[in-house]
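Architecture and fold: a report
Below are the chains, spelled out letter by letter.
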Amino acid sequence: MLLLPLTLPLVVLSALIAAQNAHDPCVKVAGKEFVAPADALACLKSFPFNETIRQNVIATVSGVFDFYTFEDYYLNSPPPFQESTIDIRAELARIGNASYTTDFDFNKDLYDSTAKLNDGHTRWFPNCYWAVWQNILPAPIVTLADDGVQNVYVSPDAVVLLEQLGPDFTSYFDALKFDWRRLAGAKVLEINGLPAYDYVDRIASNTSGNYLDHGVRVNSVFSSYRLDKSNAFSQRIGDLAGPPFPDPESVTFTLIPANSARVETVTIPYVATFLSAPFTDGPSFWTNNCAVKSQTNGVDHSDSASGHVTDIMRSKKRRGDIIDGSLKRAIGLPSQFRPKLSNLSGQDGSVKSYILPDGKSGVLFVGSFTDDLNFQQETVTAINTFKSKGVSQLIIDVTNNPGGSLCLGLWLHKFLTGSANIEHPGFQSSSRANPLAQKIVKADIARNITLIQAIYSPANWASVQNVPFADNFNYNDPAIPLDINGKSQPMSQRFLDICDILFFLPFPVEPPFDPKYVCSSYILMGNGNCASTCAMFTTLMQEKLKIKNVVFGGKPGQQIEYKGMAGNQVLEWADLDSEIKTAGLKNDPLAPPDLIVDGDMRVNWRTAYSFEHADVPIGTSSLFASYFQFPYTKDTYNNPQKLW
């Protein structure tokens, strides 16, 4: 019988215990690194549906959506993003009334629904089930051009890539007598009975999420290079080969093996790899992976002596990023693809810099906007070295950049363009001034809440004239009505970021390269998977400087935006809950309840507006202009140095 921790209400515990049968499928997979997807799924589905949990989660998620700046845009998403049209409230009502057998079924439905918003800032992550087991297909796919014709292929480096997962991975397929190695480099004609690119489109439409632009999501299906959490080069296996749930057991390819002309149909099994907290049975699985944690909900920061100083500083950081579960177990980029040039900074941070053999071209690979001093030091070292070595053009590679610190994105833009050439390097933005948000700002002012304690504190922001708000300035009063798709929602007055306190190093008075030639000497490149802060940085470079943008990959004949998503700032549920509690409003009837299970409903908390079109959020703007799109080839895919 399943015994659950007493962190749940007694009525919930009683119902779950009564519904659990004697067989515990979690025992079968406990302690194993690689298991059959069906066995992993059986463990996840061993926890019966519970109405109390559903009502709690739906109430919290619905309350968070009250702060979502883009909610009304989704009623009729602007072109070319019509695919993302959804009535969010109607969808929540459907999920709140649907019949489910297991707790997994409910959470997966809610997860899938929020994923189809295609906004990585705003998603439900059920930590009990999401990326607990990741499925791995031993045939990651790439899109390559051969003699000018693009097709889908099994990644030619699949063997050397996946053998890094160790003998337990390879022995799993050996036991199945499945020879996955022979598939490397095969040309894929069909996937599950559909033409290969059509199936990729299906994954991009229904599974990938994160990015409004469909073309960017297509590139997310394919394998590509990136940095892992340790800032080492790694290879993302893609959304087809690495889904975050163990629900598909196999996929069928019609293919032509490398060095063959024979067409074959091969059913390829997935394997599920465990990525979460260890357990021995169902009860310990729930305790370690599903029960509320200390960081699940927010805390009251109004008392600086409360012992949450670290949480305060983490909550205060202005972030714009996506969450990629595959980073829990990143696979190293095979050595033949890693840059052979010397990294100029000599450090292992998220900024890597190189001088190409021509001696004229410098490369700044920005793997993420990691919020630390190293980012700034590495950038300054790189630029100073470029100048001393006579580099005359700069390639900025943002492939698979997940975003990060908003202020670092502004810092990099201002550093590269020169402080004399731009008064403020960021976009105007506004947040949703719903009734609870209005109460929060009023309470923060009345309670003298500081910028260290709360994001809503006026001291965090400046006017559009770049004058810091007074500590008692209520930027939600009066609220500004925003009419979208027949709906009107109150928005805050517009404001700018104040980031100078986070900048450790000074800006150059003039940009590193002659301003007359910035347009021709800077090139942005990537695969479109450039999220949030990265998207805002590249949009700034485009709008302010009109620099060239180069995008690689994609589906033949389908455009890809050079940026993935650019809302502005994301708040995790615990961050938003802390804002409510710090304002003393947790007992307000408008406040969402604490979660009674571990999860995160993150939300795009504010919107950035275009310099060129002041009434248009950059997150809903289509940005294809001023760039070139090139296919990968067998010589260049996953090989950053050859792409540079």
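The structure displayed is predicted, hence computed values, not measured ones.

Thresholds applied
- Residues numbered from 1 in each chain as written.
- Predicted model: local features only at pLDDT ≥ 70, side-chain atom pairs only at ≥ 80, totals over all residues.
- Heavy atoms only, no water.
- Helix = DSSP H or I, 4+ residues; strand = E, 2+ residues; numbered from the N terminus.
- Buried < 20%, exposed > 50% of the residue type's maximum accessible area, 1.4 Å probe, protein only.
- Contact = heavy atoms within 4.5 Å.
- Areas by Shrake-Rupley, 256 points an atom, 1.4 Å probe, with all protein chains shown as cover.
- Pairing = 2+ DSSP bridges.
- Axes fitted to C-alpha atoms, helices over the stretch in contact; angles between N-to-C directions.
- Arc of directions from axis to C-beta.
- Polar contact = N/O pair within 3.5 Å; in protein donor to acceptor, adjacent residues only side chain to side chain.
- Expected span 1.5 Å × (residues − 1).

Moving on to the overall build of the chain. Across its full length, the chain holds 19 helices and 29 strands. Split into buried and exposed, the 644 residues of the chain put 61% on the buried side. Taking the intrachain contacts of the chain between residues at least 6 apart in sequence as the baseline, contacts between residues at least 24 apart amount to 77%. For the chain, the computed accessible surface area is about 23,500 Å², with 54% contributed by carbon and sulfur atoms.

In this section: unusual backbone geometry. Residue proline 79 is joined to proline 80 through a cis peptide bond whose omega torsion reads 5 degrees. Structurally, proline 80 can be placed in the loop between helix 4 (51-65) and helix 5 (88-97). Going from aspartate 477 to proline 478, the amide bond is cis rather than trans, its omega being 5 degrees. Here the phi dihedral of aspartate 147 falls at roughly 55 degrees; this positive angle occurs in a residue that is not glycine. Among the secondary structure elements, aspartate 147 is positioned in the loop between strand 4 (141-146) and strand 5 (149-154). Even without being glycine, serine 532 reaches a positive phi, approximately 55 degrees. Checked against the element boundaries, serine 532 lands in the loop between strand 23 (522-526) and helix 17 (533-545).

This part takes up the sheet that holds strand 27 (residues 603-608). As summarised here, the arrangement of the three strands in space is 18-27-25, forming an open sheet in which the pairing is antiparallel. Strands at the two margins of the open sheet, each flanked by one partner only, are strand 18 (429-431) and strand 25 (568-571). In this sheet, neighbouring strand axes are inclined to one another by 25 degrees on average, regardless of whether the strands run parallel or antiparallel. Of the pairings in the sheet, the one linking strand 18 to strand 27 comprises three bridges and is antiparallel in character. For serine 429, the partnering residue across the bridge sits in strand 27 and is alanine 608.

What follows is about the environment of glutamate 249. Among the structural elements, glutamate 249 can be located in the loop between strand 9 (233-236) and strand 10 (250-256). Separated by 114 residues in the primary sequence, glutamate 249 and asparagine 135 place their C-alpha atoms 8.5 Å from one another. In this view, glutamate 249 contacts Pro37, Ala38, Ile268, Pro269 and Tyr270; residues no more than four positions away in its chain are not counted.

Neither face of strand 8 (residues 224-227) is open: one carries Ser224 and Arg226, the other Tyr225 and Leu227, and all of them are buried. Taken together, the four bridges between strand 8 and strand 9 define a ladder with antiparallel strand orientation. Within strand 9, the residue paired with tyrosine 225 across the bridge is glutamine 235.

This next bit is on the pairing of strand 14 (residues 351-355). With four of its five residues buried, strand 14 lies for the most part within the structure. Where strand 14 meets strand 15 (residues 361-366), five bridges bridge the pair, whose relative direction is antiparallel. What sits directly across from serine 353, in strand 15, is leucine 364. Remark: five residues form the turn of the hairpin made by strand 14 and strand 15, two consecutive strands paired antiparallel; glycine 359 in that turn has positive phi of roughly 75 degrees.

A few words on helix 5. Residues Ile88, Leu92, Ile95 and Gly96 constitute the buried set of helix 5. All buried residues of helix 5 project into a common sector of 100 degrees when viewed along the axis, lining one side. Against the buried residues of helix 5 lie helix 4 and helix 6 (103-115). The backbone nitrogen of arginine 89 has a side-chain oxygen 3.3 Å away, supplied by the residue at the start of helix 5, namely aspartate 87.

Okay, helix 15 (residues 435-446) next. A rise of 1.5 Å per residue sets the reference length of helix 15, with its 12 residues, at 16 Å; its end C-alpha atoms lie 17 Å apart and thus fit the reference within 8%. Listing the buried residues of helix 15 in full gives Leu436, Ala437, Ile440, Val441, Ala443, Asp444 and Ile445. Each element contacted by the buried residues of helix 15 is listed here: helix 18 (573-582). In this structure asparagine 434 caps helix 15, since a side-chain oxygen of it lies 2.9 Å from the backbone nitrogen of leucine 436. Count one or two residues on from helix 15 and you reach asparagine 448, which has phi positive near 55 degrees.

Keep in mind these values describe shape, not function.
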